[in-house]
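# Summary of structural features
Take a look at the letters that make up each chain.
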Amino acid sequence: MNLKNQLENIFVSEDQIPDQYKLPSEIHQREYLSNGELLTWNGDVHAVYSPICIKTERGLERKLIGTYPVCTENEAMDALQAAVYAYDNGRGEWPTMSVADRIKCVENFTHSMLQQKDIVVKLIMWEIGKSYSDSVKEFDRTVEYIYATIDALKDLDRQSSGFEHEQGIIAQIRRSPLGVVLCMGPFNYPLNETFTTLIPAIIMGNTLLFKPPKHGTLLHYPLLKAFQESFPKGVVNTIYGRGHAIVPALMKSGKVNVLTLIGSSKVANELKKLHPKVNRLRAILGLDAKNAAIITANADLKLAVQETVLGSLSFNGQRCTALKIIFVHKSIADAFIQHLNEAVAQLKFGMPWEAGVTLTPLPEPHKPGYLKELIEDAQAHGAKVINENGGATAASFVYPAILYPVNEKMKVYREEQFGPVIPVVSFEELDTPIDYIIDSTHGQQVSIFSNDSEEVAAAIDPLVNQVSRVNINCQCQRGPDVFPFTGRKDSAEGTLSVVDALRSFSIRSLVATKNNESNKRLLNDIVHGHHSNFLSTKYIF
């Protein structure tokens, strides 16, 4: 059977879907959370079609898995007002609550979230085509991140539980919230990446407007009740609808204090410009990336191929940290290409529930067409699809394409493909890939493959000033979550990690007074009488 027939045959009929991976039923969401209430929606809805196509008498058709509300600017502004009221200029119940009590609320939420694991995992798989095993990992990693965030906040609070004495001044320095946060997550990690901003924003005392990603919306529906029951009203508010229709008014209001977006730099720039007081707006952004791999003549070829395949094709290359362009030394280029072809050919493709599957259907309906354009453009400027059947498409599935030799005339040389296309460039001097990274508008990460210490060192020193993370003999990646995750240029603003995220969504504030007996008595009365949640020496265990 040729590959085209194999690709078409990865899709199955409804009765061939294993029962344990089926959704109980279509999920038609008609509720949204605003001001502590699950409000009923009777207006327009958006139909959610899975990237998983079903064989029917009419051919392959994307499976309808449910619908969700398409709310308007009015509902979004009501949600904003609820968040503003709940924050109440820092006087609300949530921002003035003790750290220990906020932690209890997040722990209660996590307990409720765990009860929804089965349906959330299935929705991740069905909504974005992520393999079932990776969908489970995403859920579990998110829970681990929440608990790590709680532990990090406890440590931070312990460090702040004492008083400092400097130059005749007594002060206690703690972190306080910033206000109303607008949180928008990405489709590729719709639970994990969203919660790496949402959870630290909440736990630091901010109130939240949460807009789920376009692909990966329904999976948050089973968690709305947990949000409602775990936090005071108005702390978490969900907004649904077309981004261009509801978000501009929120930003123009000037009432959003923090914008957190994982998406494109173009969208981030447009939204920031809408805010009337940009100097007051804090932005925590995870944006575009075009991470390069640099494979020198001194690299371990087997290891470089293994990491390149993982880095460029994990979740079909739909990761901001994916390797999106490969520079390989001319002397080993032919051998590298041969081994890369063999490694890609060994990857299992199929439905997300299949054991060991690596390549799955793509969630974005336009993506197969866009990738085809990139491939054709590269071919028009001298590249070849090196691997057999590279770029072959069946409905929502695209087989990986290795393009070589790639040059600066091609779109794929600069554009972030965010899909299973691997552009390979040969070089003779190390300055060639380094200059590429210097000239790039992106600056997230780079991977260097070499066993020559002097060569690696010569690359490290200029590259750490261009990207935020240099990986040696391994793929680019986000984790471990305790490490800083950020980028330079158009790739990010602000730093995310377990500890850094807590700092990103808060500001250092202090209470200070002159060191005299009267003021010391006053402070002792406040502390010993437990009159203040901020000015406190309580120690969280």
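In short, a report on the structure. (Residues numbered from 1 in each chain as written. Predicted model: local features only at pLDDT ≥ 70, side-chain atom pairs only at ≥ 80, totals over all residues. Heavy atoms only, no water.)

### Remarks on the packing of aromatic side chains
Applying the stated criterion to the full structure yields 16 aromatic pairs. Plain terms: the ring middles of Trp 94 and Phe 231 are 5.5 Å apart, the flat faces sit at 90° to each other, and that makes the pair edge-to-face. Remark: Phe 231 occurs in the loop between helix H7 (224-230) and strand E10 (236-238) and Trp 94 occurs in the loop between helix H2 (73-87) and helix H3 (99-114); sequence separation between them is 137 residues. No difference in accessibility class separates Trp 94 from Phe 231, as the two residues are buried. For the pair Phe 187 and Phe 418, a centre-to-centre distance of 5.9 Å together with 70° between the ring planes defines the contact as edge-to-face. One end of the pair, Phe 187, is in the loop between strand E8 (180-184) and helix H6 (192-203); the other, Phe 418, is in the loop between helix H13 (411-414) and strand E19 (421-427), with 231 residues separating them in the sequence. For the pair Phe 187 and Phe 418, one class covers both residues: buried. The structure contains a cluster of three or more aromatic residues connected by ring pairs, namely Trp 94, Phe 109, Phe 195, Phe 227 and Phe 231. Between the NZ or CZ atom of Lys 130 and the centre of the ring of Tyr 189, over which it lies, the distance is 3.7 Å. Positioned above the aromatic ring of Phe 315, the side-chain terminus of Lys 130 is 4.7 Å from the ring centre. (Phe/Tyr/Trp six-rings, centres within 6.5 Å; stacked < 30°, edge-to-face > 60°. Helix = DSSP H or I, 4+ residues; strand = E, 2+ residues; numbered from the N terminus. Buried < 20%, exposed > 50% of the residue type's maximum accessible area, 1.4 Å probe, protein only. Lys NZ or Arg CZ within 6 Å of the ring centre and 35° of its normal.)

### Points about the pairing of strand E18 (residues 401-404)
A regular strand places its side chains so that they alternate between the two faces of the sheet. On E18, burial covers both faces: Ala 401 and Leu 403 on one face and Ile 402 and Tyr 404 on the other are all buried. Relative to E18, strand E15 (residues 384-385) runs antiparallel, the two being bridged by 2 bridges. Counted as the bridge partner of Lys 384 is Tyr 404 from E18. (Pairing = 2+ DSSP bridges.)

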